[in-house]
Amino acid sequence: MKSKIFIIIRHEFLAKVKSKGFILSTFLAPVGMMMLIVVPIVVALLASDTTKKSIAIVDQNTEVSKQLVHSDPSTYFNSTLSIDSLQSLVKESKIDGYIVIPTTIDSLKTIQYFSNTAGSLTQVESIENSLEKTVRNVRMKQSGIDSTVLKDINAKITVDVKKISTKGIENYQTKELAAIGYVAGMLIYIMILLYGMYVSRGVIEEKANRIVEVMASSVTPFQLMLGKIIGIGSVGLFQILLWISMVLVLGIVIPLVLALIPGMTVTPSPEMVSALSQSKMQGMNGMMGATPSVLTPSIGGFQIPTISPLLVFVFLGNFVVGYFMYSSLFAGVGAAVDQESDAQQLQGPIMIPIIIPVLLMMNVVMDPNGTMSVILSLIPFFSPTLMVVRVAVSEVPVWQIIASYVGMIAMFFVFVRAAAKIYRIGILMYGKKVTLGEMFKWIFQKN
Amino acid sequence: MQEALITIDSVVKKFGTYTASNNISLSIEKGTIFGLLGPNGAGKTTLIRMITNIFAPDSGTIRFNNQLLNEDDKNNIGYLPEERGLYRKQSVQDQIRYFAELKGMTKKEAFIAMDFWLERMGAETWKQKKINELSKGMQQKVQFITTILHNPSLLVLDEPFSGLDPLNVQLFIDIILELQQQGKTIILSTHQMEQVEKLCESFALINKGHCILKGNVQSIKKQYVTNSFKLKFEGDSDFVDTIEGIEILGKQKDSLIVGLPTVEKQKEFLVKAIEVVEIKRFELIEPTLHDIFIKVVKENEFTQNGVTE
């Protein structure tokens, strides 16, 4: 006899995968992600463009004005007009404002900026910054410091982090890895929450439509619950795998296209070319080759770091285990209520441990191997998200990864047993608002 | 006596402090239609859910084909719950196939049986339709098909006729009788007493978790024969007031219902009546199941109250 649980899994999987919602979310979510990254950049660019100020400099000290205009010619310009005529220009909004710089700047502490608007904080700050820099340079020059020395003094220093590992010394892309860790953690969090809610909703739907009684006369409640959890979970896994293959395909196709278009402004960097040839080879070797350095094209100075197979593995593993752990609770809650609106208050206690790690994520990204991060990531409730973050950002000892899985799986068995009891009683009970206390009573009730 | 398909022995089921089934024992014979009666909230659904093995009794046993009821028996039972339930967004075909496979049928078997029953129901064209595109009556038919498709030896039908037009009620009745002739056993839970009287050989009456009456429909009706008579006539009915020792149960312009406890009284009543009015009809009133139901439930209520107070 074909296992009944398999029939339920197949039914749940197909019903969800065929739905418009799944197809839309699979293709729109990456677009949305891109938007999340691209839109702030575009907005920032547009914003800096539109807030470009034309600010007149009335200067009794020519050195300052010269350098100030030189530093940002699109904003500042020299003016020889009288204060009165500048005032009227400001009133008529022909210019944004003017600054009067005194003859001597030796003891200069404040400068007045006259404008028709109060001026935003960023605006004032930008004027302050450029003035401060200019005045400092002029002062140093006046005190006899050579311009070449000045350049050296002003030189910017960046920290290039190198990682010493068994493979030798590698580039360590701290910022990029932090971004990856953050995105991976958020993704795990969203997927577990979303798919957990799907389970809850599915159970409520079956209960509200009274399907559950027919089902219960064909299979055991436990089969029904587990079938639903596995069915919906495999949809989530399928979706993640689709996304990973999309990224792989795009990662290979985009540089190829870029390389093939002649006269592109983006000239492939040396490492890009090598990555390209590598990816070609990988493609021949069957996509998921052993060498993980997928691609490292640089976009606007942001290097997309290599994603290790370990991260992919832990990401998938944590989704599966974390989802199982939480979805059984969501199934229990779904079974205890009559309609979705009643579910919300009971879902609260489940959502809290899912949301807490999101609040802690930044701390873990900053200090992935600190004692706090290690402890937090080993707490089964938080492991699904925080362990992924740690693996993405740093090198996590294998025993910790294994320990987190042991913890999560143990928690899953505890939860699924409790949920099964709630589920068995809840699905056939109507018209009664169940409290958390009663649910606990059901859990500990003998048979 | 025929072999029993279902034997329920001293079954008790409690929900918290509430006892939904209190020491119920029943036997349902193979190949019969068995009526399960009782007021709302009497514990019928609880009993049905134990018979369909949705949950187990706290104590007592249920035997199916002389074996203790187990999970595999679910494939041999078809259950039509009172509250119908189908996936609203699924097609009729997918829906029927899913439920059939959960009852252990293969896809091929399910499709063959589905074609047969859809045709029988005059619903061949619905296959691709979604459930929420169907009317209530149509959904009822689909649900009925999912109940009988896997050819179960026991059918448990809870209010199968509710929401159906008379034509479809007849269709369902025909099918139920046909299945019975094939040797299937059918448990019919309904409030429609006429249907039980027409269809069922035996029945049980459940009230407040107790089985307060059970047995063969005809013999129980005989037990509850009263001494009420109905007289149809033309003329003045005042003559009854002059007879002593009889009970007037109903009085209308052209008819009387009277309780005549003894043969003497019956004779006396008839003699008087012949003198005064023109008699159209005079008959013993056979109790309907409906009357018995009300009488027994009320008595039961009374004695129960007597006990508790």
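Residues numbered from 1 in each chain as written. Chains lettered and ligands numbered in written order. Predicted model: local features only at pLDDT ≥ 70, side-chain atom pairs only at ≥ 80, totals over all residues.

Here's the deal with the packing of helix α11 (residues 309-336) of chain A against helix α15 (residues 398-426) of chain A
Residues and elements named next belong to chain A.
Now for step 1: Where α11 meets α15, the closest approach of the two axes is 8 Å, and the angle between their N-to-C directions is 20°. Accordingly, the angle class assigned to the pair α11 and α15 is roughly parallel. Between α11 and α15 lies a crossing of left-handed hand.
Now for step 2: Split by residue class, the contact of α11 with α15 holds 20 nonpolar, five polar and no charged. (Axes fitted to C-alpha atoms, helices over the stretch in contact; angles between N-to-C directions. Helix = DSSP H or I, 4+ residues; strand = E, 2+ residues; numbered from the N terminus. Parallel < 35°, antiparallel > 145°, perpendicular 65-115°, else oblique. Left-handed = near helix turned anticlockwise from the far one by under 90°. Nonpolar A, V, L, I, M, F, W, Y, C, P; charged D, E, K, R; others polar.)

Looking at the interface of chain B and chain A
Now for step 1: On the chain A side, the residues contacting the 19 residues of chain B number 16 residues.
Now for step 2: Here the side of chain B that touches chain A gets four residues from one element, more than from any other, and that element is helix α2 (residues 92-102) of chain B. (Contact = placed C-beta atoms within 7 Å.)

Thoughts on the environment of aspartate 84 of chain A
Now for step 1: Here aspartate 84 of chain A lies in helix α4 (residues 83-91).
Now for step 2: Each C-alpha atom, one on aspartate 84 of chain A and one on alanine 419 of chain A, is 79 Å from the other, the two residues being 335 residues apart in sequence.

Quick notes on helix α4 (residues 136-148) of chain B
Residues and elements named next belong to chain B.
Now for step 1: Under the 1.5 Å per step criterion, the end-to-end length of α4 is 19 Å for 13 residues, consistent within 8% with the ideal 18 Å.
Now for step 2: Residues of α4 that are buried: Gln139, Gln140, Lys141, Val142, Gln143, Phe144, Ile145, Thr146 and Thr147.
Now for step 3: Buried positions along α4 lie against β6 (77-80), α2, α3 (107-120), β7 (154-158) and α5 (166-181). (Expected span 1.5 Å × (residues − 1). Buried ≥ 20, exposed ≤ 12 C-beta atoms within 10 Å, placed from the backbone.)

Looking at the confidence of the model for chain A
Now for step 1: Chain-level statistics for chain A give a pLDDT mean of 79 and a share of 83% at 70 or above.
Now for step 2: Here residues 264-302 of chain A scores under 50 on pLDDT; set against residues more than four positions off or in separate chains, the count is 44 contacts. (pLDDT = per-residue confidence, 0-100.)

Regarding the sheet that holds strand β11 (residues 228-234) of chain B
All names here are of chain B.
Now for step 1: With antiparallel pairing, four strands are arranged side by side in an open sheet as β12-β13-β11-β14. Strands at the two margins of the open sheet, each flanked by one partner only, are β12 (247-251) and β14 (278-284). Ignoring strand direction, the axes of neighbouring strands in this sheet form an average angle of 20°.
Now for step 2: As paired elements, β12 and strand β13 (residues 255-259) share four bridges and run antiparallel to each other. (Pairing = 2+ DSSP bridges.)

A short note on the pairing of strand β1 (residues 4-15) of chain B
All names here are of chain B.
Now for step 1: Sheet analysis places β1 next to strand β2 (residues 18-29), joined by eight bridges and oriented antiparallel. Residue pairing for β2: isoleucine 6 is matched across the bridge by isoleucine 28.
Now for step 2: Remark: two residues form the turn of the hairpin made by β1 and β2, two consecutive strands paired antiparallel; glycine 16 in that turn has positive phi of roughly 65°.
Now for step 3: The pairing of β1 with strand β4 (residues 59-64) spans five bridges and is antiparallel. Each bridged residue has a counterpart across the sheet, and for isoleucine 6 the counterpart in β4 is phenylalanine 64.

Digging into unusual backbone geometry
All names here are of chain B.
Now for step 1: One non-glycine residue, asparagine 66, lies in the positive phi region at around 70°.
Now for step 2: By the secondary structure assignment, asparagine 66 is in the loop between β4 and β5 (67-68).
Now for step 3: On the neighbour-count criterion, asparagine 66 (9 C-beta atoms within 10 Å) is exposed.
Now for step 4: One non-glycine residue with positive phi stands out, namely asparagine 151, at about 55°.
Now for step 5: Here asparagine 151 is to be found in the loop between α4 and β7.

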